[in-house]
Amino acid sequence: MDDRMETVVAGVALKNPVITASGTFGSGREYGELIDLDRLGAVTVKGVSCEPWKGNPAPRIAETQSGMLNSIGLQNPGMEHFIEYDLPFLRQHDTKIIVNICGHTLAQYCAVAERLADCDVDMLELNISCPNVEEGGLAFGTAPRMVERVVQAVRHYTGQPLVVKLSPEVTDITEIARAAVSGGADALSLINTLRGMKIDIHRRRPVLASKTGGYSGPGIMPVALRMVYEVCRVVDVPVIGMGGIATFEDALEFIMAGAAAVAVGTANFHNPYATVELIEGIRGYMEENNIASLDRIRGIID
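Attention here is on the structure that accompanies the text. All figures in this text were calculated on a predicted structure; none of them were measured in a lab.

### Notes on the pairing of strand β5 (residues 61-64)
Judged from the 4 bridges that link them, β5 and strand β6 (residues 67-70) form a sheet pairing that is antiparallel. If you follow Ile61 over to β6, its bridge partner there is Asn70. The antiparallel hairpin formed by β5 and β6 contains 2 residues in its connecting segment.

Next comes the structure, spelled out in C-alpha cells:
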C-alpha cells in the first residue's frame, strides 16, 4: 500500500481515493473476475431498497455521442438479499464498503438504514434523487427543507457515517449541500445523473421505454466538476466527486477542485479496468511531480 495515496472520508480511511459509483459496479462480483477488488479505495454497491424493486421496462439503456442514458429504475433484490449474499462476498476483500440506499418514502429510507445499522459496512450513501411518491413524484433532493428532513431522519437510524448523494437537477447545488450537512451528513457525493432523452428518428419514438433517463459519461464532467468545486467551498465535510471520470487526469481535476475521493461510473462499462488504471495513473503523477500526499494538491484551485 502506498501511504501517499491515502485519504479519509467521513472518518473512514481509504487506501487510495478511487472508488466505484453506485449502479455501475453491481456488488463487485462480475468485476472481481477482471480486477483485484483489494486495490480499490472502496466499492459503492448498487442501490439497496427495503423490498425488491423490479425496475423500469425495457429498453432502458441507450448510448449517446458522449455518454449514455439509463432508466434502470434502481432494480435490486432488496436489503435481505444484499445482507445474505453480497455483503459476505465483499467482506472477503480488503476494501471499504459503501452501501447506496434508496426509497420512495421516508419510511423506506429509514427501514434500510435501520436494518444495516449493525451490519459490517463502512458507510451508507443516501440516494436523494429517488422520486418521493408521497410528494407527487418529485425527487427528495430538489428542495432544501426536504433534503434536511430526510437526512435527519436517516441519520437517526444509521450506525455508520452517512454520505448524501446530491442531484444536479437543482437551481443552486450549494444550497442543497448546506441543507444536507445541516441535516447531519458526514460527507457528500456528487453529482448524480442529469436527465436526458434520445429519439429514434426512424421509429419516431423515444429510445427508452420511460422516454427520459439519467445521462452520464464524459459529457457531464464539466458540470460535475463545477458543482464539486462550488460545494467544496461552502461545506466543511468531505466530498466524493463523480461525473464523467474516465482517466487519472479527470480524477486529478476533481481532487484539485477539492474532492477527498473520486468515483468511477460509466467508464466501467466500456473499460472494466478503469479504476485500477486511475490508481496507477494518480500514483505515477505523484511520483513524477514529487507529491508526498494528496493533501498537497487537494483543493488548490482558488
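### Thoughts on the pattern of salt bridges
For the coordinates displayed, the defined rule picks out 12 salt bridges. In this structure, the salt-bridge partner of Lys15 is Asp94, at a minimum N-O distance of 3.1 Å. One end of the pair, Lys15, is in the loop between β2 (12-14) and β3 (18-20); the other, Asp94, is in the loop between α1 (79-90) and β7 (96-101), with 79 residues separating them in the sequence. Residue Asp94 is classed as exposed on the basis of its relative accessible area, which comes to 51%. Between Arg115 and Glu80 there is a salt bridge, with its nearest N and O atoms 2.8 Å apart.

### Details of the packing of aromatic side chains
According to the stated counting rule, one finds 2 aromatic pairs in the structure shown. Note on Tyr109 and Phe140: the rings are 5.0 Å apart at their centroids and 80° apart in plane angle, and the pair reads as edge-to-face. Within this pair, whereas Tyr109 is found in helix α2 (residues 106-116), its partner Phe140 is found in the loop between β8 (123-127) and α3 (144-157), the two being separated by 31 residues in sequence. Given the relative accessible area of 1%, Phe140 is considered buried.

### Looking at α1
Among the residues making up α1, those that are buried are Met79, Phe82, Ile83, Asp86, Leu87, Phe89 and Leu90. Along its buried surface, α1 packs onto β4 (42-48), β7 and α2.

### A few points about the packing of α3 against helix α4 (residues 173-183)
Relative orientation of the contacting elements α3 and α4 amounts to 30°, with a least axis distance of 7 Å. In this view, α3 runs roughly parallel relative to α4, as classed from their interaxial angle. For the pair α3 and α4, the sense of crossing is right-handed. Contacts between α3 and α4 involve Pro144, Val147, Glu148, Val151, Gln152 and Arg155 from the former and Glu175, Ile176, Ala179, Ala180, Ser182 and Gly183 from the latter.

### Structural notes on the nonpolar core
Within soluble globular proteins, side chains that are nonpolar tend to cluster in buried spots. Judged by nonpolar contacts, the single largest core of 89 residues is most densely connected at Phe82, Val99, Ile101, Val164, Leu166, Leu188 and Leu190. Counting residues per element, this core draws most heavily on helix α5 (residues 221-232), at 7 residues. With sequence-adjacent residues up to four places away left out, Leu188 is seen in contact with Val163, Val164, Leu166, Ala177, Ala180, Val181, Val231, Val235, Val237, Pro238, Val239 and Ile240. In this structure, Leu14, Met123, Ala261 and Ala263 belong to the second largest nonpolar core, which totals 16 residues.

About the criteria used
- Residues numbered from 1 in each chain as written.
- Predicted model: local features only at pLDDT ≥ 70, side-chain atom pairs only at ≥ 80, totals over all residues.
- Heavy atoms only, no water.
- Pairing = 2+ DSSP bridges.
- Helix = DSSP H or I, 4+ residues; strand = E, 2+ residues; numbered from the N terminus.
- Salt bridge = Lys/Arg side-chain N within 4 Å of Asp/Glu carboxyl O.
- Buried < 20%, exposed > 50% of the residue type's maximum accessible area, 1.4 Å probe, protein only.
- Phe/Tyr/Trp six-rings, centres within 6.5 Å; stacked < 30°, edge-to-face > 60°.
- Contact = heavy atoms within 4.5 Å.
- Axes fitted to C-alpha atoms, helices over the stretch in contact; angles between N-to-C directions.
- Parallel < 35°, antiparallel > 145°, perpendicular 65-115°, else oblique.
- Left-handed = near helix turned anticlockwise from the far one by under 90°.
- Core = buried A, V, L, I, M, F, W, Y, C linked by side-chain atoms within 4.5 Å.

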